Structures are given as structure tokens and as C-alpha cells.
Amino acid sequence: MESRKRRVLAVIAAAELLAMSLWFSATAAAPELAGEWGLTAAETAWLTIAVQLGFVAGALVSSVLTLSDVVPPRYLFAGSAVGGAACTAAIAGFVDTAMPAIVLRFLTGVTLAGVYPPGMKILTGWFRDGRGFAIGVLVGALTVGSALPHLLRALGGVGSPRVVLYGAALLATVGGLLALLVEPGPYQAPTAPFDPGAIGRMLRDRGTMLANGGYFGHMWELYAVWTWIPAYLVASIAANGGSGASSGVASLLAFSAIAVGGVGAVSAGVAADRFGRTTVTIVSMGISGVACVAAGLLFGSSLYLLAPFVLIWGVAIVADSAQFSAAVSELAEESYVGTALTLQTAIGFLLTTISIQLIPVVVDAVGWRWAFAPLAIGPAIGTLSMLRLRGLPDASKLAGGRK
């Protein structure tokens, strides 16, 4: 049984890693696409924002229809990954203007709503003990997968955006096929009937909503940093007298800063199962919140200082992510865990569309030095939410009684 659990975890983590390479595929290729297509700064930003909005739309529809609990999750995962790959390949093969690219990016986001939450549900069906670790591994895989397009660009995609787009599409297709190999776990709830009242019950459950509050604060920061860290690094390296090769260096460092979060997610999962979910999330948000401000202090500094800083930030910023999802899976109604997780991610990603658009506004006002400072409000609010959850009787359900 234990070996089967580990095997399932390895397969789903690999599938998630490959499928999530779609997320930032156009973002990584954006400098080249903007040059080829003559995109404005706003149109370039929409290549990322459209994915966030598509994910929100897909997740909300999935929540209302309780798709994650009605459709077997491995089939939903596989079909969604392949659909997203087709949208990404279409941009590379047939598109040369902003609007169709933005539409296809929106549809890519819709499909990704059928990848991430079902992946979590699959693991809750296999892991009761060690659930924080398991979902931590999944989020770690998501993190590395999100970073892959930056690696593709650094290794051969600078000046060739189709290498990044076709590469991500191929990886996602393989990830979707891998998901078909996973069988339902012994703890997976039976397929649930459509229940339009399920969401209302979730919204009225205080413990679940406080766990969601922590997640929402975390998400306010996470994707805005992931989206704009390459541009911040280019500007910082230039301010320190960087050369014309700074774009490639920034892409490689951005990949490293995002991908290293996989280490944080897995380590935090182990720690949360041992010391408690609220403890780990509060510590993680404290570090990442301080980093939002510290980024201004280190702007323009040597790479010997900047590189370790963004790597530490990369570990902390995503370390808590899986634990909010694990908490919801422990607090929510068992038959509709998939829907609860989908609703959580829908609202969280809706917030990211605001914070992603906020950064260019701040840059226009004060420059890149202090661009990330307003993001610190998210970890602060998230920390307060988790402190309140820690004081509830429902907190005894977390991590086998470890708050």
C-alpha cells in the first residue's frame, strides 16, 4: 500500500509539473512576441492576465457544476492538459496578433482549472496521513513546471518564442497522458451528485473560510512576483551596470527563483504534518512579506547578493501554498472536497489578476525598486486569518490535531 501511494504521488507530481509548463509559456516568450507582433505593454501583460482570468472562469464553472466531484479526476486532468496544449501550440503555429493570442491564453487558463484542483483531489484519495507532504510535493511540481518556460527560453528560446510555446505544449501533452495511469485511491469519496447548495455550505463554514483567507493573502503576492520577477531582475542587473546579455541571465535566475519553490513546498509539507499547518503558513508568509519590501533595498545590488535573496524568497513564497489546500481538504465537507479546492483556487486566482496589473502601475509611479512593496499586504492579511483559524475548535482537524 505504501509503495503504491508513493508511486501515485510520483506519477501525479510528474504529470502536474509537465502540464503546468503551459502557464507561463507565453509570459516567458513575451519579449520576443512583443517585438514580432508590435505589442504594447498592456497587450503583453494580458498574455499572463488572460490565463489567470481563464483559470478563474474555468474554476468557477467547475465549482458551480461540482465537476471535480462528478467527473473522475484523472480523466478531467488528462483532457484538460491536452486541451491546454492544443491552445498553446495554436499560438505558435497560427497567431501573429494580440487578440487571438489573448483569447487562446484565456482558454488555456480555463483548461488549467481542470488540472490543478483534480490533481489535489487525486492525492487526497490516496493520502490521509501525510497529506500535507503529498500536496506539498504536488505544489512543488506545479512550481517547477511554472518555471520551465523560463528555462526553455534561457536554453534556446531567446529570440525564438516558438521553441518555448511548442516545448510547453509537448510537455503538457505528456503530462496529461501520465495522469491516465493513476487509479482512484482508497480514501477518495464516491462520485457525488450535483448539489447547487454545496458552495453555500462552504461559504458559511468559518474554519474553511479562514483557511481560504490565508490562501487569498498568499495568492495576492505569489503570481505577481512570479510574473514580474524577470523584469525586476533585468532592471536590477541593468542598474548595476549589466551587459546586453542581462535578459538571458535574468531568465535563468527567474527560472531558479521560481523552481526552487518546489523545495520549499515539499519541506513545508513535511514540517506542517509534524508541527502544524498554521505554524508553517504563518512563518512562511512572514518571510515572504518581508521580502516584498527587502526587494527594494537590494535593487541594483551585486548578483552575489541579489541571487541568494531571490532564491530564499522563492523558497518562502510558495512554501505555504499547499498547506492552505491541505487545510481545506481537512475542514471541508468530505463529499465535495474537490469543489471546495476548486472554489478556493478560483477566488485566489481572481485576486492575482488585480495584483499582476498593479505592479506596472507602481513601476510607472516609483520605478522597479519598490514595485513589490504593496504586495506585502497579502501575507499580512493571510497571517491574521491563520492566527484566527488557530484559535478555533475546528483547528483540531488539521494535520491530525497539530495546528
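In this report, the structure presented in the accompanying data block is examined. (Residues numbered from 1 in each chain as written. Predicted model: local features only at pLDDT ≥ 70, side-chain atom pairs only at ≥ 80, totals over all residues. Heavy atoms only, no water.)

Here's the deal with empty space enclosed by the protein
- By the definition in use, this model includes two cavities of 30 Å³ or more.
- What the largest cavity holds in volume is close to 70 Å³.
- Taken together, the residues of the lining of the largest cavity break down into eight nonpolar, one polar and no charged.
- Lining the second largest cavity are Tyr116, Val139, Leu142, Thr143, Tyr215, Met219, Leu222, Tyr223, Trp226, Val318, Ser321 and Phe349.
- Elements represented by at least two residues in the lining of the second largest cavity include exactly helix 9 (131-157) and helix 12 (206-239).
- Of the residues forming the lining of the second largest cavity, the biggest block, five residues, is contributed by helix 12.
- Of the residues contributing to the lining of the second largest cavity, the split by class is 10 nonpolar, two polar and no charged. (1 Å grid on protein atoms, 1.4 Å probe; cavity = no way out; pocket = protein on both sides within 12 Å on 5 of 7 lines; lining within 4 Å. Points joined across faces, edges and corners; volume = space filled by probe spheres on them. Nonpolar A, V, L, I, M, F, W, Y, C, P; charged D, E, K, R; others polar. Helix = DSSP H or I, 4+ residues; strand = E, 2+ residues; numbered from the N terminus.)

Observations regarding the layout of surface pockets
- In this model, the largest pocket occupies a volume close to 640 Å³.
- Along its surface, the largest pocket is lined by 26 residues, and Ala30, Thr44, Thr227, Trp228 and Ala231 are the ones closest to its centre.
- Residue assignment for the lining of the largest pocket shows that the elements contributing at least two residues are helix 2 (25-28), helix 3 (30-37), helix 4 (41-64), helix 9, helix 12, helix 13 (246-259) and helix 18 (337-366).
- Of all the elements, helix 4 adds the most residues to the lining of the largest pocket, at seven residues.
- Per-class residue counts for the lining of the largest pocket are 16 nonpolar, eight polar and two charged.

Read these as geometric descriptors, not functional statements.
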